[in-house]
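In case you want the letters, here they are:
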Amino acid sequence: MTSRHPKGLAILFFTEMWERFSFYGMRAILVLYLTKETMGANPGLGWSNTDALALYGWYTMLVYVMSIPGGYVADRLLGQKKTVFIGGMFIALGQLTLAIDNMVAFYTGLALIITGVGGLKPNISTMVGGLYKQGDSRRDSGFTIFYIGINIGAASAPLLVGYVGEVYGWHYGFGLAGIGMLLGQIVYIWGQKYLKDVGNLLPVKKTEGKKEHTPLTKIEKDRIIVLLISFLIVIVFWGAYEQAGGLMNLYTKAKINRVVLGWEIPTSLFQSVPAFFVIILGTAVASFWAKRQLKGKEASSLFKMAIGTFIMGFGFLMMSGAALEAATGVKAMLIWLIASYLLQVIGELSISPVALSFITKLAPAKYASIMMGIYFAATGLGNKLAGLVGELASNAGELEVFTGIAVFCFAFGALLLVFFKKLKVLTHNAEAITN
Ligand code: PHE
């Protein structure tokens, strides 16, 4: 369907796959380690659920908020390529520090990982965009492929790191996450020959003494508005999606019938389901949108994102279905949960790779990394929002929270579509230039 992609894509694909392996592996055991009692086999820190979830919320927010300084450093000081490498070293060092059983090591490790992800994650994404010239039609499919790499890491990590962490010891799990990142670094160093023209620091024109202030053109303003709207969608979207690790996880454990053919599937295994769906459906969803484009019904990025928000709403309606069934006193059927994840992932695929691609398309080159950084920071806010919404369930009840999320997604998606006529002009204007 598409012509060959640049070799550099494979390098970025595997580097990011390992980085995500390390990230999601560590994330899968973090809360378990925090809450495990301090006595007995494989002891943890003995924290309360509330304290553990609070740290988890701050951690998942900060890793992405650090993308702003990460993007800034790339644009102004080092270029994306070097920042990615240094970020990777921080992550590996951080994970290996967590492998040491000591509280100072624990906090130091977290800080190193937060700094490292801030340097690596947004900039490696910008580099994917840098593989394609303006107007190259392979850009979107390049991001879809990259996104599949992310999810191969995300799907396998909870299984491997989770297993090692729970069975052999938490610190071995963290160590394994560190080794994963080091493997990513090896791929990245080896692959430098394919990344010669990508991610280098752009020379800044300096006029002596004074800074140049060129006012934004109409088109640049359009583009920035489009980007800002997309950031808003992202906060709402991840605020819903990231229930997976929190509320939906606890709900699966307590209220979903997990017995299949006489075997009770462990709850943590379901954490890999969305990532598996991304791997299976990634190209299908992307080519659905691409076909519409070929038929002349070009769906602008924001349109795809609004539809993605809608589909997300349906995903949460499935959870309302589960909660209604569970209200009758039985455990709800597993199919509700699977259908919910399936719809959520179709929504994700209409939003997340699309956003990555079009940020690299729309942002002016000299602000490319910082724009990506702000985008990831919005994701971080979404993650924090998810935690806050999840907490509501203990007072308001799960049915109310699931349905509330669904209604909010529908309302927000509808609002975007109502303004769509205007937005469409805007996005087409903004995208037409470079696409
Ligand atoms: N699965 C995605 C990833 O790890 C989730 C995500 C999207 C995270 C956007 C940050 C920003 O890449």
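What you see is a predicted model; the values in this text were computed from it and never measured.

Asks: Go over the overall build of the protein chain with me, naming the residues and quoting the values.
Replies: A count of helices and strands for the protein chain gives 14 helices and two strands. For a compact globule of 435 residues, the expected C-alpha radius of gyration is about 22 Å, and the protein chain comes in at 22 Å, within 12% of that figure. Seen through its C-alpha atoms, the protein chain measures out along the principal axes to roughly 65 × 50 × 40 Å. Expressed as a percentage of its 435 residues, the buried residues of the protein chain come to 53%. Nonlocal contacts in the protein chain, meaning residues at least 24 apart in sequence, comprise 81% of its contacts between residues at least 6 apart.

Asks: Which residues make up a nonpolar patch on the surface, and what are the values?
Replies: A surface patch of nonpolar side chains, amounting to about 480 Å² of accessible area, comprises Met89, Leu96, Ile179, Leu182, Leu183 and Ile186. When contributions to the nonpolar patch are tallied by element, the ones reaching two or more residues are α3 (67-98) and α6 (170-190). Ranked by the residues each element gives to the nonpolar patch, the list is headed by α6, at four residues. Assignment of secondary structure puts Leu183 in helix α6. A relative accessible area of 36% means that Leu183 is categorised as partly exposed.

Asks: With reference to specific residues and values, describe unusual backbone geometry.
Replies: Although it is not a glycine, Asn42 sits at a positive phi angle of roughly 45 degrees. Mapped onto the elements of the fold, Asn42 is located in the loop between α1 (7-35) and α2 (49-65).

Asks: Which residues make up the side chain of Glu19, and what values go with them?
Replies: Checked against the element boundaries, Glu19 lands in helix α1. In contact with Glu19, other than residues within four places in its own chain, are Ile91, Val117, Leu120, Lys121 and Met181.

Asks: Can you break down the packing of aromatic side chains residue by residue, with the values?
Replies: In this structure the tally under the stated criterion is 25 aromatic pairs. For the pair Phe288 and Trp289, a centre-to-centre distance of 5.2 Å together with 75 degrees between the ring planes defines the contact as edge-to-face. Every member of this aromatic cluster is reached through a ring pair, and the members are Phe23, Tyr24, Tyr59, Tyr64, Phe231, Tyr375 and Phe376. In this structure, Arg20 is placed above the aromatic ring of Phe23, and the distance from its NZ or CZ to the ring centre is 4.2 Å. Over the ring of Trp58 we find Lys384; its NZ or CZ atom is 4.5 Å from the centre of that ring.

Asks: Pulling in residues and values, what's your account of the site of the ligand?
Replies: Around the ligand sit Arg20, Tyr24, Tyr64, Lys121, Tyr147, Ile150, Trp238, Glu348, Ser352, Phe376 and Thr379, and those are all the residues in its vicinity. Take Arg20: an N or O atom from its side chain is 2.8 Å from an oxygen atom of the ligand. Within the contact set of the ligand, an oxygen atom lies 2.4 Å away from a side-chain nitrogen or oxygen of Lys121. Coverage of the ligand by the protein chains reaches 95% of its 310 Å² of free accessible surface. Those elements that provide at least two residues to the shell around the ligand are α1, α5 (139-168), α11 (334-362) and α12 (368-396). Of the residues belonging to the shell around the ligand, the class tally is six nonpolar, two polar and three charged.

Asks: Tell me about the nonpolar core, residues and numbers included.
Replies: Core analysis: the biggest nonpolar cluster contains 110 residues, and Leu12, Met26, Tyr59, Phe106, Phe316 and Tyr375 have the highest contact counts within it. Filtering out sequence-adjacent residues up to four positions away, Leu12 remains in contact with Ile124, Met127, Val128, Leu131, Phe146, Tyr188 and Leu195.

Calculation criteria
- Residues numbered from 1 in each chain as written.
- Predicted model: local features only at pLDDT ≥ 70, side-chain atom pairs only at ≥ 80, totals over all residues.
- Heavy atoms only, no water.
- Helix = DSSP H or I, 4+ residues; strand = E, 2+ residues; numbered from the N terminus.
- Rg over C-alpha atoms; globule rule 2.2 N^0.38 Å.
- Buried < 20%, exposed > 50% of the residue type's maximum accessible area, 1.4 Å probe, protein only.
- Contact = heavy atoms within 4.5 Å.
- Patch = residues over 30% accessible without salt bridge, like charges linked within 9 Å, V, L, I, M, F, W, Y side chains within 5 Å.
- Areas by Shrake-Rupley, 256 points an atom, 1.4 Å probe, with all protein chains shown as cover.
- Salt bridge = Lys/Arg side-chain N within 4 Å of Asp/Glu carboxyl O.
- Phe/Tyr/Trp six-rings, centres within 6.5 Å; stacked < 30°, edge-to-face > 60°.
- Lys NZ or Arg CZ within 6 Å of the ring centre and 35° of its normal.
- Near = heavy atom within 4 Å.
- Polar contact = N/O pair within 3.5 Å; in protein donor to acceptor, adjacent residues only side chain to side chain.
- Nonpolar A, V, L, I, M, F, W, Y, C, P; charged D, E, K, R; others polar.
- Core = buried A, V, L, I, M, F, W, Y, C linked by side-chain atoms within 4.5 Å.

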